[in-house]
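One-letter residues, chain by chain:
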Amino acid sequence: AQSVTQLDSQVPVFEEAPVELRCNYSSSVSVYLFWYVQYPNQGLQLLLKYLSGSTLVESINGFEAEFNKSQTSFHLRKPSVHISDTAEYFCAVNRGTGFQKLVFGTGTRLLVSP
Amino acid sequence: GAGVSQTPSNKVTEKGKYVELRCDPISGHTALYWYRQSLGQGPEFLIYFQGTGAADDSGLPNDRFFAVRPEGSVSTLKIQRTERGDSAVYLCASSLQGLATDTQYFGPGTRLTVL
């Protein structure tokens with residue numbers, strides 16, 4: 001069965017510092033990868049996704065993630081975080097064509113302080 | 001436009017009771033999903049509908065859990081003889097066509113507490 005590992009349950013950083021949230025998945029022939037964000041008292045929102053093509057994908061609010069097939073990773077990065085980035089971030093994987101369910105990691109809580 | 005809505009937002013019930021949780025997907029979305037999120041965990045898949053039919057119910061934990069989508073829009077997740085271990089946030093999501101590449105749009109969830 002597909003699995004997703006987010007090793008860091010919580011990542012505290014100062015505002016304007018860079019951050020990396022790690023995500024590894026169990027290998028499969030082909031996967032689609034997603035990062036979802038959950039702001040306090042809100043539902044899950046898609047941040048970005050990798051389907052195919054360029055291994056670097058970007059979101060509209062400055063986050064980026066790089067698909068690394070050899071390391072089975074899809075780490076999320078941002079060069080300079082804001083207080084408003086404080087949220088829970090979930091990595092998820094879909095096994096590919098013919099499969100619809102998402103398998104989520106346990107989440108990483110990003111805490112940005114001034 | 002309107003997103004995925006779920007009612008109620010909170011439900012407190014007693015052990016052994018029956019509960020129904022409702023999901024209203026984004027208009028025009030043919031695919032609907034239910035997930036369950038326990039404290040400190042990521043969402044776990046329960047069931048997926050394509051139209052009116054349950055295309056994948058492999059995540060339902062046991063036969064106390066059942067879900068319907070009779071007209072291909074609103075869905076109801078039904079839990080019989082609730083147990084304390086059923087306490088969790090139940091999330092509903094919908095996507096346009098149910099393709100693996102589709103974005104799943106999530107509702108705010110229903111927090112179920114079984115006393």
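Quick notes on the rules
- For every chain, the first residue of the written sequence is number 1, and numbering continues from 1 along that sequence.
- Naming scheme: in the order in which they are written, chains are lettered from A and ligands are numbered from 1.
- pLDDT decides what is reported in this predicted model: residues at 70 or higher carry local features, side-chain atom pairs at 80 or more are listed and counted, and totals for whole chains, interfaces and linings draw on all residues regardless.
- Each side-chain value is worked out from all heavy atoms of the structure, with water and hydrogens disregarded.
- Counting from the N terminus, the helices are the DSSP runs of H or I reaching at least four residues and the strands are the DSSP runs of E reaching at least two.
- Radius of gyration here is computed from C-alpha atoms only, and the compact-globule reference equals 2.2 Å multiplied by the residue count raised to the power 0.38.
- Note on exposure labels: buried denotes an accessible area under 20% of the residue type's maximum, exposed denotes more than 50%, and partly exposed covers the range between, all computed with a 1.4 Å probe on protein chains only.
- In this analysis, two residues are considered to be in contact whenever any of their non-hydrogen atoms come within 4.5 Å of each other.
- Residue-level accessible areas treat just the shown protein chains as cover; the underlying method is Shrake-Rupley with a 1.4 Å probe.
- Positive charges are assigned to Lys and Arg, negative charges to Asp and Glu, while His and the chain termini are left out of the count.
- Charge positions are represented by NZ for Lys, CZ for Arg, CG for Asp and CD for Glu.
- Between rings of Phe, Tyr and Trp, where Trp is taken as its six-membered ring, a pair exists when centres lie within 6.5 Å; planes separated by under 30 degrees are stacked, by over 60 edge-to-face, and by other angles tilted.
- The criterion for a disulfide is a pair of cysteine sulfur atoms lying within 2.5 Å.
- Buried area: the accessible surface (1.4 Å probe) lost by two parts on joining, summed over both.
- Here, a salt bridge means any Lys or Arg side-chain nitrogen found within 4 Å of an Asp or Glu carboxyl oxygen.
- All residues other than Ala, Val, Leu, Ile, Met, Phe, Trp, Tyr, Cys, Pro, Asp, Glu, Lys and Arg, Gly among them, are scored as polar; the first ten of these are nonpolar and the last four charged.
- Strand pairing is assigned whenever DSSP detects at least two bridges linking the two strands.
- For helices, the fitted axis covers only the stretch in contact; all axes are lines through C-alpha atoms, and the angles between them, taken along N-to-C directions, range from 0 to 180 degrees.

A. Spatial organisation of the overall build of chain B. Helix and strand counts for chain B come out as zero helices and eleven strands. Counted from the first residue to the last, chain B has its helices and strands arranged as β-β-β-β-β-β-β-β-β-β-β. Taking 2.2 N^0.38 as the reference for a compact globule, 115 residues should give roughly 13 Å; the C-alpha atoms of chain B span a radius of gyration of 13 Å, in line with that estimate. A principal-axis box enclosing the C-alpha atoms of chain B has dimensions of 35 × 25 × 25 Å. Across the 115 residues that make up chain B, the buried fraction comes to 46%. Partitioning the contacts of chain B with sequence separation of at least 6, the portion at a separation of at least 24 is 55%. With the model as given, the accessible surface of chain B reaches about 5500 Å², and the carbon-plus-sulfur share is 48%. Distance between charge centroids for chain B: 8 Å, based on 11 positive and 11 negative side chains.

B. Looking closely at the packing of aromatic side chains. Residue and element names in this part refer to chain A. Scanning the model with the defined rule gives 13 aromatic pairs over all chains in all. Seen from their ring centres, Tyr-25 and Phe-67 are 6.4 Å apart, and the 20° between their planes marks the pair as stacked. Placement of the pair is Tyr-25 in strand S4 (residues 24-25) and Phe-67 in strand S8 (residues 64-68), with a sequence separation of 42 residues. In this pair, the class of Tyr-25 matches that of Phe-67, namely buried. Where Tyr-36 meets Phe-104, the ring centres are 5.9 Å apart and the plane angle is 55°; that geometry is what we call tilted.

C. Looking closely at the state of the cysteines. Residue and element names in this part refer to chain A. Counting across every chain of the model gives two disulfides over all chains. There is a disulfide in this structure between Cys-23 and Cys-91, and the S-S distance comes to 1.9 Å. Residues Cys-23 and Cys-91 share a disulfide whose torsion about the S-S bond is about -65°; that sign makes it left-handed. Placement of Cys-23 in the loop between strand S3 (19-21) and S4 and of Cys-91 in strand S10 (residues 87-94) is noted, with a sequence separation of 68 residues between them. Note on accessibility: Cys-23 and Cys-91 belong to one class, buried.

D. Up close: the interface of chain A and chain B. On the chain B side, the residues contacting the 20 residues of chain A number 21 residues. A buried area of about 1500 Å², summed over both sides, lies between chain A and chain B, and 59% of it is on carbon and sulfur atoms. Sorting the residues of chain A by area buried against chain B places Leu-44, Gln-100 and Lys-101 of chain A first, and these three jointly supply 35% of that buried surface. Run the count over chain A and chain B and you get zero salt bridges. Contributions of two or more residues to the side of chain A that touches chain B are made by strand S5 (32-38), strand S6 (44-50) and S10 of chain A. A class-by-class count of the residues in the side of chain A that touches chain B yields ten nonpolar, eight polar and two charged.

E. Structural context of the pairing of strand S12 (residues 108-113) of chain A. Residue and element names in this part refer to chain A. Here S12 shows a clear split, with Thr-108, Leu-110 and Val-112 buried on one side and none of Arg-109, Leu-111 and Ser-113 buried on the other. Note that strand S2 (residues 10-14) and S12 share five bridges and pair parallel. From the neighbouring strand, Val-11 faces S12, where its bridge partner is Leu-110. Alignment of S10 against S12, held across three bridges, turns out to be antiparallel.

F. Up close: the sheet that holds strand S1 (residues 5-7) of chain B. Residue and element names in this part refer to chain B. Read from one edge of the open sheet, four strands run S1-S3-S8-S7, paired in antiparallel fashion. Both edges of this open sheet fall to S1 and strand S7 (65-68), since each of them pairs with a single strand only. Across the sheet, the mean angle from the axis of one strand to that of its neighbour is 15°, orientation sign disregarded. Of the pairings in the sheet, the one linking S7 to strand S8 (residues 75-79) comprises four bridges and is antiparallel in character. Note on S8: the bridge partner recorded for Phe-66 is Lys-78.

So, to be careful, I would describe these as geometric facts and stop short of saying anything about function.
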